[in-house]
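Commentary on secondary and tertiary structure
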Amino acid sequence: MPRDSDRSVPAEDLTWLAHRAAEALKESFNRVSRAAGLADLRDWLVLALVSDGSQRTQLEIARELDIDKTTLVAIIDRLEKDGLIVRNVSERDRRVRIPAATPRGVEVKSQVAVARDAAISERLAAIPASEHAKFHSMLWSIVEGA
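The present account deals with the structure reproduced in this document. Source: prediction; values computed, not measured.

Across its full length, the protein holds six helices and two strands. N-terminal to C-terminal, the α/β element order of the protein is α-α-α-α-β-β-α-α. Once the C-alpha set of the protein is aligned to its principal axes, its extents read approximately 55 × 30 × 30 Å. Across the 146 residues that make up the protein, the buried fraction comes to 27%. Of the contacts made within the protein by residues no fewer than 6 positions apart, 48% connect residues no fewer than 24 positions apart. Accessible surface computed for the protein: about 9900 Å², of which carbon and sulfur atoms make up 55%. Of note, the protein has its 22 positive side-chain charges centred 4 Å away from the centre of its 23 negative side-chain charges.

Here it is, written out as structure tokens:
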């Protein structure tokens, strides 16, 4: 439902619509992330990335998620303090730390993923279920570019 402040924006403005849709999904995701004890979506993104079995330096994580290095350090510090990740010494360079999810971190990541899927389904309820895969594919086309 458009807010009063949104009424001056033409519904045909794809940039505005995409931004509002992304904000709505982000709001839903932040809500389920916070319910699981995370600060927001970015905590989950970091936790999910360090849970996938690949070893990445903090700099690689920052680049992959497009998160500022300073912000990423604060996120990793918070996740480590909460017992969701550990920083291991890199086998290639002892000066470098490789964040990895703890068993509790993997559990929280999975819990949030389930809640995220439910929240997204709720947001997408206005779109026929038969169209969800097509919608997802279209979004990927936009993300990947021509």
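There is more to say, and it comes next.
Another aspect to go through is the nonpolar core. Among the nonpolar cores identified, the biggest contains 24 residues, and Leu 38, Trp 44, Val 46, Leu 72, Leu 79, Val 108 and Val 112 are the most heavily contacted of them. Listed by contribution, the elements that provide at least two residues to this core are helix H1 (14-35), helix H2 (41-50), helix H3 (58-65), helix H4 (69-81) and helix H5 (103-123). In terms of residue count, H2 provides more of this core than any other element does, seven residues in total. When near neighbours in sequence (up to four residues on either side) are disregarded, Leu 38 contacts Ser 33, Asp 43, Trp 44, Leu 47, Leu 79, Leu 84, Val 108 and Val 112.

Let us now look at the packing of aromatic side chains. Geometrically, a pair of aromatic rings is defined through the distance of the ring centres and the angle of the planes. Counted under the stated rule, the structure contains one aromatic pair. When the ring of Phe 29 is compared with that of Trp 44, the centres are 5.2 Å apart and the planes differ by 55°; the resulting orientation is tilted. Pair noted here: Phe 29 is in helix H1 and Trp 44 is in helix H2, with a separation of 15 residues, a long-range link. As far as burial versus exposure is concerned, Phe 29 and Trp 44 are alike and both buried.

Glancing now at unusual backbone geometry. The residue Asp 66 is not glycine, and still its phi comes out positive at about 55°. Checked against the element boundaries, Asp 66 lands in the loop between H3 and H4.

In this fold, Thr 57 is placed in the loop between H2 and H3. For Thr 57, a relative accessible area of 14% corresponds to the buried category. Those residues in contact with Thr 57, other than ones at most four positions away along the chain, are Arg 92, Val 96, Arg 97 and Ile 98.

About the thresholds
- Residues numbered from 1 in each chain as written.
- Predicted model: local features only at pLDDT ≥ 70, side-chain atom pairs only at ≥ 80, totals over all residues.
- Heavy atoms only, no water.
- Helix = DSSP H or I, 4+ residues; strand = E, 2+ residues; numbered from the N terminus.
- Buried < 20%, exposed > 50% of the residue type's maximum accessible area, 1.4 Å probe, protein only.
- Contact = heavy atoms within 4.5 Å.
- Areas by Shrake-Rupley, 256 points an atom, 1.4 Å probe, with all protein chains shown as cover.
- Lys, Arg positive; Asp, Glu negative; His and termini not counted.
- Charge placed at Lys NZ, Arg CZ, Asp CG, Glu CD.
- Core = buried A, V, L, I, M, F, W, Y, C linked by side-chain atoms within 4.5 Å.
- Phe/Tyr/Trp six-rings, centres within 6.5 Å; stacked < 30°, edge-to-face > 60°.

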